[in-house]
Amino acid sequence: MAKDVFQIQSPVGAFQLTAGTRVANWNGVKFHLGFAPVITNGVPFVHSLDVDKNLAPLSQVNRPVPRGRGVIVLDPGHGGADNGTKSVLGNFFEKDYALDWARRLKPLLEARGWRVLLTRDGNRPVELGERVLIAQREQADLFISLHFNSAAPGAMGLETFCLTPAGMPSTLLRGPEENNVFLPNNAQDFANQHLAMRVHRSLLQTAGMADRGVRRARFMAVLKTQQRPAILIEGGYITDRNEAKLIASPEYRQKLALGVAKALE
Ligand SMILES: [Zn+2]
C-alpha cells in the first residue's frame, strides 16, 4: 500500500482513503469526498464534514431503506422536445432509454412491495419543478431520477448523484457555487448518501459497469428541494461507443432495472 493510502475500519467494512484526492473507496465501491484528506507528520486527517456526511452514513450501510408508505417516484429524465443526449450510434435518445428503464423497473419494484409512480409515462415534456411536485403530492418515500450520460469520447461508467451537504464543495459543478447553503433536501443528507451508495453498489454488481462513484451536485433541480431521500443515476455514457451498444440492448436495460430493484428489497 502506498504511504499516502490509509484505511478506516467500521463494523460493516473498510474505507480506503488517499491523501491529496477526494476519490475514496468503501468496500470496493467508489465515492467522492468533499475534501481531500491530508497526512501531517504521518497522521491522517479527514474533514469532519466528510466524517458526518460520507463516512457515518456508509458505516450504517446495512440498515434498511426507509419504506414509510412504500411509495417510490421514478423520474425518467427529459421528454417531449427535450431529447437529452443523442446516442453516438445514431438517432437514439436518452429520453427514450430512460423511460424504458423506468418502465422495466416499475414492475420489479412492485413485486418487492412498493407502489411506483412515474413522472412521465410517455414522451411528454415535464418541467423539473413538476417532477418534484409529483413526489410531494404522492408523499413519496423515495425519488429516483434516471438518466444517461454524455461526455467527450472515452468517458464511461456509472455515476450516482445526491445533493451536496451544506459547507461541502460539490463533485460536479455547473458554474460558480456557494458552498454554505442549506437546501430543503439537505435535511435528508444521511439517507441520501445511504441510498445512493446502496443503489450504486447494486448496479455495479448486476450490470457490471465501470465505477465512476457516488458523487455530489447542488444544481440538480429535481433533487435539491425534495423532502425525501432523492438520487439521480447516470446509467452509463451513450456518447461512448461500447457503452452505447450495451444501453441499446433490452437485456442490458433489464439489468439496469434489476440493479436498482435489488437495492430496494
Ligand atoms: Zn439527462
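First, a word on scope: everything that follows refers to the structure included in this document. Given the structure is predicted, the values throughout are model-derived calculations rather than measurements.

Moving on, we come to the overall build of the chain. A count of helical and extended segments in the chain gives seven helices and twelve strands. Here the chain has a C-alpha radius of gyration of 18 Å; the compact-globule value for 265 residues is 18 Å, and the two agree. Along the three orthogonal principal directions, the C-alpha set of the chain runs to about 60 × 40 × 35 Å. The buried share of the chain, taken over its 265 residues, is 53%. Here the chain displays about 11300 Å² of accessible surface, and carbon together with sulfur accounts for 53% of that area. Of the charged side chains in the chain, 32 are positive and 24 negative; the average position of the first set lies 3 Å away from that of the second.

Relative to the elements of secondary structure, asparagine 186 occurs in the loop between β10 (158-163) and α4 (189-207). In this structure asparagine 186 touches Leu163, Thr164, Pro165, Ala166 and Val181, once residues within four positions along its chain are discounted.

In this sheet, strand β8 (residues 115-118) lies alongside strand β7 (residues 71-76) in parallel orientation, the contact comprising four bridges. In the strand pairing of β8, valine 71 is matched with arginine 115. In the classification by handedness, the crossover that spans β7, the intervening helix α2 (residues 94-110) and the parallel β8 is right-handed.

Another aspect to go through is the coordination of the zinc ion. Protein-derived ligands of the zinc ion are His78 (NE2), Glu94 (OE) and His147 (ND1), with the metal-ligand distances lying across 2.0 to 2.1 Å. Taken in chain order, the donor set of the zinc ion reads H-x15-E-x52-H. Here histidine 78 is found in the loop between β7 and α2, whereas its partner glutamate 94 is found in helix α2, with 16 residues between them in sequence. Taken individually, histidine 78 and glutamate 94 each receive the classification buried, so the pair is uniform in this respect.

The grouping of Val38, Val43 and Phe45 at the surface amounts to a nonpolar patch, some 260 Å² of accessible area in total. Locating valine 38 in the fold gives a position in strand β5 (residues 38-40).

Turning next to the side chain of glutamate 138. Following the sequence through the fold, glutamate 138 ends up in the loop between α3 (128-137) and β9 (142-149). Taking the relative accessible area as the measure of exposure, glutamate 138 reaches 15% and is therefore buried. Setting aside residues no more than four positions away along its own chain, glutamate 138 makes contact with Arg69, Val71, Arg115 and Leu117.

With that settled, the discussion passes to the pattern of salt bridges. For the coordinates displayed, the defined rule picks out 13 salt bridges. A salt bridge links aspartate 75 to arginine 131, with the shortest nitrogen-to-oxygen separation between them at 2.7 Å. With aspartate 75 in strand β7 and arginine 131 in helix α3, this pair connects stretches of sequence that are 56 residues apart. Residues aspartate 75 and arginine 131 agree in their burial class; the two are buried. With a shortest N-O distance of 2.6 Å, arginine 104 and aspartate 100 are connected by a salt bridge.

Basis of the calculations
The residue numbering used here restarts from 1 in each chain and proceeds along that chain's sequence as written. Note on the predicted model: pLDDT of at least 70 is required for a residue's local features to be given, and 80 or more for side-chain atom pairs to be given and counted; whole-chain, interface and lining totals, by contrast, use all residues. The side-chain quantities take in all heavy atoms of the structure and omit both hydrogens and water. In this description a helix means any DSSP run of H or I spanning at least four residues, a strand means any run of E spanning at least two, and both kinds are numbered starting from the N terminus. Each radius of gyration reported is based on C-alpha atoms, and the globular scaling rule is 2.2 Å times the count of residues to the power 0.38. Three exposure classes are used, based on accessible area relative to the maximum for each residue type with a 1.4 Å probe and protein chains only: buried under 20%, partly exposed in between, and exposed over 50%. Reported accessibility uses the Shrake-Rupley method at a 1.4 Å probe radius. Residues are deemed covered only where the shown protein chains occlude them. Positive charges come from Lys and Arg, negative ones from Asp and Glu, while His and the chain ends are left out of the count. Here the site of a charge means NZ on Lys, CZ on Arg, CG on Asp, or CD on Glu. We call two residues contacting when some pair of their heavy atoms lies within 4.5 Å. Each pair of strands is called paired provided DSSP finds at least two bridges between the two strands. Handedness of a crossover is defined as follows: with both strands directed away from the viewer, a clockwise route from the first strand across the helix to the second makes it right-handed. Each metal site is built from N, O and S donor atoms within 2.8 Å (3.2 Å for Na, K and Ca), and since water is not included, such sites may look incomplete. What goes into a patch is any residue over 30% in relative accessible area without a salt bridge, connected to like charges within 9 Å or, for nonpolar side chains (Val, Leu, Ile, Met, Phe, Trp, Tyr), within 5 Å. Every case where a carboxyl oxygen of Asp or Glu lies within 4 Å of a side-chain nitrogen of Lys or Arg is listed as a salt bridge.

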